[in-house]
Amino acid sequence: MTMMKMEKGRMDPAVSPVIGVLLMLVVTIIVAAVVSGFAGGLVGDAKAAPSASMDVKIDTSANNGMGGTTSQMTFEMLSGDSIPTKDLEIITYFTNSTGHIYKTSHSATSEKFDLYGYGTHYARLPYLSDISKVGYAGNNDKADFGNYTISTGDILSAGSTRQVAEFLGLDWTAGTYPDPDTIDDADFKPGATVQVNILHTPSQKTIYSKEVVVK
């Protein structure tokens with residue numbers, strides 16, 4: 001029987017495609033492993049959104065403590081995880097009857113507001129309304145939004161007509177005693193609605209979203 005010999009330096013042609021397939025398989029496995037590891041890292045780095053139940057109110061006839069009324073906007077933490085307000089962004093939308101949209105965004109980097117118009121007391125809205133915890137708002141960094149952690153029972157405030165107007169991006173007119181401050185847009189009145197979204201910035205998750213009816 002005559003046996004066929006393979007010439008030195010040559011390979012059976014049938015072997016080459018097999019090696020090619022094996023190399024492709026190895027490359028595919030390596031790429032899949034890299035992609036899987038990268039995706040797993042992304043998942044591992046993702047921040048979890050806190051659990052929170054909140055109640056937001058806008059009242060145009062709140063007691064001003066001096067026998068009169070004023071507008072007031074409050075954010076009450078009903079239950080859930082304590083949340084550093086530096087991790088929150090509050091976004092509001094108010095649309096008037098002409099279709100004009102007033103949009104605002106408030107975070108730990110927002111500018112402070114002159115609370116009373118005297119140039120003496122400034123705060124970043126909404127401030128923490130708890131004297132026992134942080135003292136009075138106004139030239140008190142502890143009470144400013146972005147500097148405290150909100151917990152169950154805490155109430156954040158924009159506590160006057162001019163503060164509510166500033167918070168919602170509305171124009172307002174300062175009153176001359178005894179006339180109160182007024183909000184210029186006549187459509188901002190009881191029955192109007194303001195869309196309020198609260199975003200947890202580390203996770204980019206919305207933890208509150210609701211159309212709040214003005215009272």
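Residues numbered from 1 in each chain as written. Predicted model: local features only at pLDDT ≥ 70, side-chain atom pairs only at ≥ 80, totals over all residues. Heavy atoms only, no water.

> I keep staring at the pairing of strand 4 (residues 88–95) and nothing clicks. Help me out?
Put simply, side chains in a regular strand alternate between the two faces of the sheet. Here strand 4 runs beside strand 13 (residues 193–200); their pairing, made up of 6 bridges, is antiparallel. Bridging across to strand 13, Ile-91 finds its partner in Asn-197. One ladder, built from 6 bridges, connects strand 4 with strand 5 (residues 101–106); its direction is antiparallel. Its bridge partner being in strand 5, Phe-94 is matched across the sheet by Tyr-102. Where strand 4 folds back on strand 5, the antiparallel hairpin that results is connected by 5 residues, among which Gly-99 adopts a positive phi of roughly 95°. (Pairing = 2+ DSSP bridges. Helix = DSSP H or I, 4+ residues; strand = E, 2+ residues; numbered from the N terminus.)

> Would you mind showing me how to read the sheet that holds strand 1 (residues 52–63) here?
Consider a sheet: its strands pair through backbone hydrogen bonds, and that pairing is either parallel or antiparallel. Spatially, 4 strands are ordered 1-2-10-8 in an open sheet, and the strand pairing comes out antiparallel. Of all the strands in the sheet, the pair left with one neighbour each is strand 1 and strand 8 (127–128). Looking at chain direction, strand 8 and strand 10 (residues 155–158) are connected through 2 bridges and run antiparallel. Opposite Tyr-127, over in strand 10, you have Ser-157 as the bridge partner. Across the sheet, helix 3 (residues 161–168) is in contact with strand 2 (69–80), strand 8 and strand 10; its angle to strand 2 comes to roughly 65°. (Contact = heavy atoms within 4.5 Å. Axes fitted to C-alpha atoms, helices over the stretch in contact; angles between N-to-C directions.)

> Help me out: how do you make sense of the confidence of the model for the protein chain in this one?
As a note on interpretation, predicted positions should not be read in detail where pLDDT is low. With 79% of its residues at a pLDDT of at least 70, the protein chain reaches an overall mean of 84. Segment residues 1–6 is flagged for pLDDT under 50; beyond a separation of four residues in sequence, or across chains, it makes 2 contacts in the model. (pLDDT = per-residue confidence, 0-100.)

> What am I meant to see in unusual backbone geometry here?
A negative phi angle is the norm for most residues apart from glycine, just as the trans form is the norm for most peptide bonds. For the peptide bond that leads from Leu-125 to Pro-126, omega is -10°, which places it in the cis range. The residue Pro-126 is located in the loop between strand 7 (122–123) and strand 8 in this model. With a phi angle near 55°, Asn-139 is a residue other than glycine that sits in the positive phi range. The topology assignment puts Asn-139 in the loop between helix 2 (131–134) and strand 9 (149–150). Taking the relative accessible area as the measure of exposure, Asn-139 reaches 52% and is therefore exposed. The backbone of Gln-204 sits at a positive phi, close to 60°, despite the residue not being glycine. With respect to the helices, strands and loops of the structure, Gln-204 is situated in the loop between strand 13 and strand 14 (205–213). (Buried < 20%, exposed > 50% of the residue type's maximum accessible area, 1.4 Å probe, protein only.)

> Would you mind showing me how to read the environment of Ala-48 here?
Position of Ala-48 among the secondary structure elements: in the loop between helix 1 (15–45) and strand 1. Along the sequence, Ala-48 and Gln-204 sit 156 residues apart, while their C-alpha atoms lie 9.3 Å from each other. Excluding its chain neighbours within four sequence positions, the residues that come into contact with Ala-48 are His-200 and Ser-203.

> Explain the packing of aromatic side chains here, please?
Aromatic ring pairs are described here by two measures, namely the spacing of the ring centres and the angle between the planes. The tally for this structure, following the rule as stated, stands at 3 aromatic pairs. Relative to Tyr-102, the ring of Phe-94 lies with its centre 5.9 Å away and its plane at 20°, an arrangement referred to as stacked. Just as Phe-94 is buried, Tyr-102 falls in that class too. A centroid spacing of 5.6 Å and a plane angle of 90° characterise the contact between Phe-94 and Phe-188, whose relative ring orientation is edge-to-face. Of the two residues, Phe-94 sits in strand 4 while Phe-188 sits in the loop between strand 12 (182–183) and strand 13, which places them 94 residues apart along the sequence. Across this residue pair, the class does not change: Phe-94 and Phe-188 are buried. (Phe/Tyr/Trp six-rings, centres within 6.5 Å; stacked < 30°, edge-to-face > 60°.)

> Even after reading the chapter, I still don't get the sheet that holds strand 5, so can you show me in this structure?
Ordered by their spatial adjacency, 4 strands build an open sheet running 5-4-13-14, and the pairing between neighbours is antiparallel. This sheet does not close on itself; its edge strands, each paired only once, are strand 5 and strand 14. Taking the axes of each pair of neighbouring strands and ignoring which way they run, one obtains an average angle of 15° across the sheet. Helix-sheet contacts for helix 3 involve strand 4, strand 5 and strand 13, and the interaxial angle to strand 5 is about 95°.

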